[in-house]
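The lines below spell out each chain.
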Amino acid sequence: DAKTTQPPSMDCAEGRAANLPCNHSTISGNEYVYWYRQIHSQGPQYIIHGLKNNETNEMASLIITEDRKSSTLILPHATLRDTAVYYCIVRVATYGGSQGNLIFGKGTKLSVKP
Amino acid sequence: SAVISQKPSRDICQRGTSLTIQCQVDSQVTMMFWYRQQPGQSLTLIATANQGSEATYESGFVIDKFPISRPNLTFSTLTVSNMSPEDSSIYLCSVAVLNYGYTFGSGTRLTVV
């Protein structure tokens, strides 16, 4: 699986949009970009994933550049409860065999401040 | 998506003893995964547990230290054997569900004294 690079930490004001960048310059054509977050003392939580088109769900938006070498996770109106470590992971979208696990990097610690 | 119940949520254990962590899923899943998260660190995969076969361990993890059982498609256990303070970590189980991605348990916070 391709490696990702994320800033170690970011701050965001409550109510503002949080934009979390991720570089994945060695991503392969069949690899998806996944975002998970881990709130303190909890297991990681799925946020969103995409291949090449921008994606939006009730939690966030995912913007993937045309060359797919980087992406941005957008939390449109950050709240204090969005304070967490956010992980960007690239991998093929299969759930079996030796490709079944997720490989976590260090992530970005997002602090949402009042 | 799948709902995972992981037990115990936390424990404090004496060095040299063993602890078995249970992971129960509310639906049948082919693959279950066990991760370790050391203090202040990211998640590291310990092993992949398939029903009906031996678990597959990642580099640096061995079956004698982390034996895994997978008796059916909804349940797995991870044992941390002959514990030392270096084993103090959060241990998490995870499952992969087609079209839903990966779901994680809430973790077991282990402290070895």
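Residues numbered from 1 in each chain as written. Chains lettered and ligands numbered in written order. Predicted model: local features only at pLDDT ≥ 70, side-chain atom pairs only at ≥ 80, totals over all residues. Heavy atoms only, no water.

A. Quick peek at unusual backbone geometry. In this model, lysine 7 of chain B is joined to proline 8 of chain B through a cis peptide bond whose omega is -10°. Examined against the element boundaries, proline 8 of chain B turns out to sit in the loop between strand 1 (4–7) and strand 2 (10–13). Even without being a glycine, arginine 68 of chain A presents a positive backbone phi close to 65°. In this structure, arginine 68 of chain A sits in the loop between strand 6 (61–64) and strand 7 (70–75). Here arginine 68 of chain A falls in the buried class, since its relative accessible area comes to 9%. Even without being glycine, asparagine 82 of chain B reaches a positive phi, approximately 45°. Tracing the sequence through the fold places asparagine 82 of chain B in the loop between strand 8 (75–80) and strand 9 (89–97). Looking at asparagine 82 of chain B, the relative accessible area reads 55%, which means it is exposed. (Helix = DSSP H or I, 4+ residues; strand = E, 2+ residues; numbered from the N terminus. Buried < 20%, exposed > 50% of the residue type's maximum accessible area, 1.4 Å probe, protein only.)

B. Expanded view of the packing of aromatic side chains. In the structure shown here, the tally under the stated rule is 11 aromatic pairs over all chains. Between tyrosine 87 of chain A and phenylalanine 104 of chain A, the ring centres sit 5.1 Å apart and the planes meet at 90°, which makes this aromatic pair edge-to-face. One end of the pair, tyrosine 87 of chain A, is in strand 8 (residues 84–92); the other, phenylalanine 104 of chain A, is in the loop between strand 8 and strand 9 (108–113), with 17 residues separating them in the sequence. Measuring from ring centre to ring centre gives 6.1 Å for phenylalanine 33 of chain B and tyrosine 102 of chain B, while their planes differ by 50°; the resulting arrangement is tilted. One end of the pair, phenylalanine 33 of chain B, is in strand 4 (residues 31–37); the other, tyrosine 102 of chain B, is in strand 10 (residues 101–104), with 69 residues separating them in the sequence. Given a relative accessible area of 0%, phenylalanine 33 of chain B falls into the buried group. (Phe/Tyr/Trp six-rings, centres within 6.5 Å; stacked < 30°, edge-to-face > 60°.)

C. Local environment of the sheet that holds strand 7 (residues 68–72) of chain B. Residues and elements named next belong to chain B. Ordered in space as 1-3-8-7, the 4 strands form an open sheet in which the pairing is antiparallel. Looking along the sheet, the strands with just one partner apiece sit at the ends: strand 1 and strand 7. Sheet twist, expressed as the average angle between the axes of neighbouring strands with direction ignored, equals 15°. (Pairing = 2+ DSSP bridges. Axes fitted to C-alpha atoms, helices over the stretch in contact; angles between N-to-C directions.)

D. Layout of the side chain of threonine 77 of chain B. Residue and element names in this part refer to chain B. Note that threonine 77 resides in strand 8. Among the polar contacts made by the side chain of threonine 77, one reaches the side chain of serine 69 at a distance of 2.6 Å. In this structure threonine 77 touches Thr20, Ile21, Gln22, Trp34, Pro67, Ile68 and Ser69, once residues within four positions along its chain are discounted. (Polar contact = N/O pair within 3.5 Å; in protein donor to acceptor, adjacent residues only side chain to side chain. Contact = heavy atoms within 4.5 Å.)

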